[in-house]
Amino acid sequence: MIDVLAGAEDTSEATLAHIYGEAGIGKSRLILELRNRAVKVSYYVAQCLPEHKNNALYPILDLLKSIHALDRLEPTAAVERLREKILENNNLDEAKAIPILCSWLGLPLPENIPQLIDGPEEQKKILFHTLIHLFTQTARDNEDFTSVILFEDIHW
């Protein structure tokens, strides 16, 4: 696992490690030891819990709120921060991305952006493209560290 991170420091390419196994064999301990040894790594942890199993995006959205400090901002300021990040990507349509994010995050929709009326599949596509941008942009902004996103207990 340390080798995965060492390789990631030398490239801008994403590296994936899938740690799995029976309950109680030490997966969380392995990750804890990794975090203690790899000091030039910025960790973002999405904790999947059984109480959120009916909302599969909860850990992702919770992590997004944490990374961008959205819970510390007034709702309108949180929306503005997301708008700024979305505008950094020329391939994202702010008028489509913001209403979807506001809906999923429980934030007020700005008055100058109309409610989105695309179908569910199109909304899902827009949401995922937007989330990918928001997470990868954060990793790029942190140039001094390798960024690792951990999804714990994803089986839930």
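Residues numbered from 1 in each chain as written. Predicted model: local features only at pLDDT ≥ 70, side-chain atom pairs only at ≥ 80, totals over all residues. Heavy atoms only, no water.

Is there a simple way to explain the pattern of salt bridges in this structure?
Between side chains of opposite charge, pairing is possible as soon as their charged atoms come close. Considering all chains together, one arrives at five salt bridges under this definition. The salt bridge involving E33 is made with R37; its shortest N-O contact spans 4.0 Å. With E33 and R37 both in helix 2 (residues 27-37) and four residues apart, the pair spans about one turn of that helix. A salt bridge links D118 to K96, with the shortest nitrogen-to-oxygen separation between them at 3.5 Å. With D118 in the loop between helix 5 (94-105) and helix 6 (120-141) and K96 in helix 5, the pair connects residues that are 22 residues apart, well separated along the chain. Overlapping salt bridges, with partners in common, bring together R29, E33 and R37 in one network. (Salt bridge = Lys/Arg side-chain N within 4 Å of Asp/Glu carboxyl O. Helix = DSSP H or I, 4+ residues; strand = E, 2+ residues; numbered from the N terminus.)

Sorry if this is basic, but what is going on with the nonpolar core here?
The nonpolar side chains of a soluble globular protein tend to be buried, and buried together. Counting 28 residues, the largest nonpolar core has L64, L82, I98, L101, L105, L107 and L131 as its most contacted members. At the level of secondary structure, the elements contributing two or more residues to this core comprise strand 1 (41-47), helix 3 (58-67), helix 4 (75-87), helix 5 and helix 6. Per-element tally for this core: the top contributor is helix 5, with six residues. Residue contacts for I98: discarding those within four places in its chain leaves V79, L82, R83, I86, L109, P110 and I113. By size, the runner-up hydrophobic cluster in this structure holds seven residues, among which are I31, A38, Y43 and V148. (Core = buried A, V, L, I, M, F, W, Y, C linked by side-chain atoms within 4.5 Å. Buried < 20%, exposed > 50% of the residue type's maximum accessible area, 1.4 Å probe, protein only. Contact = heavy atoms within 4.5 Å.)

What am I meant to see in the side chain of E94 here?
As for its placement among the helices and strands, E94 is situated in helix 5. Polar contacts involving the side chain of E94 include one to the side chain of R83, which spans 2.4 Å. Those residues within four positions of E94 in sequence are excluded, and the remaining contacts are R83, I86, L87, P99 and I113. (Polar contact = N/O pair within 3.5 Å; in protein donor to acceptor, adjacent residues only side chain to side chain.)

So what exactly am I meant to see when it comes to the packing of helix 3 against helix 5 here?
When two helices pack together, their arrangement is captured by the angle between the axes and the distance separating the axes. Where helix 3 meets helix 5, the closest approach of the two axes is 11 Å, and the angle between their N-to-C directions is 105°. Judged on the interaxial angle alone, helix 5 and helix 3 are roughly perpendicular. Contact residues: L61, L64 and K65 in helix 3; L101, W104 and L105 in helix 5. Within the contact of helix 3 with helix 5, the residues separate by chemical class into five nonpolar, no polar and one charged. (Axes fitted to C-alpha atoms, helices over the stretch in contact; angles between N-to-C directions. Parallel < 35°, antiparallel > 145°, perpendicular 65-115°, else oblique. Nonpolar A, V, L, I, M, F, W, Y, C, P; charged D, E, K, R; others polar.)

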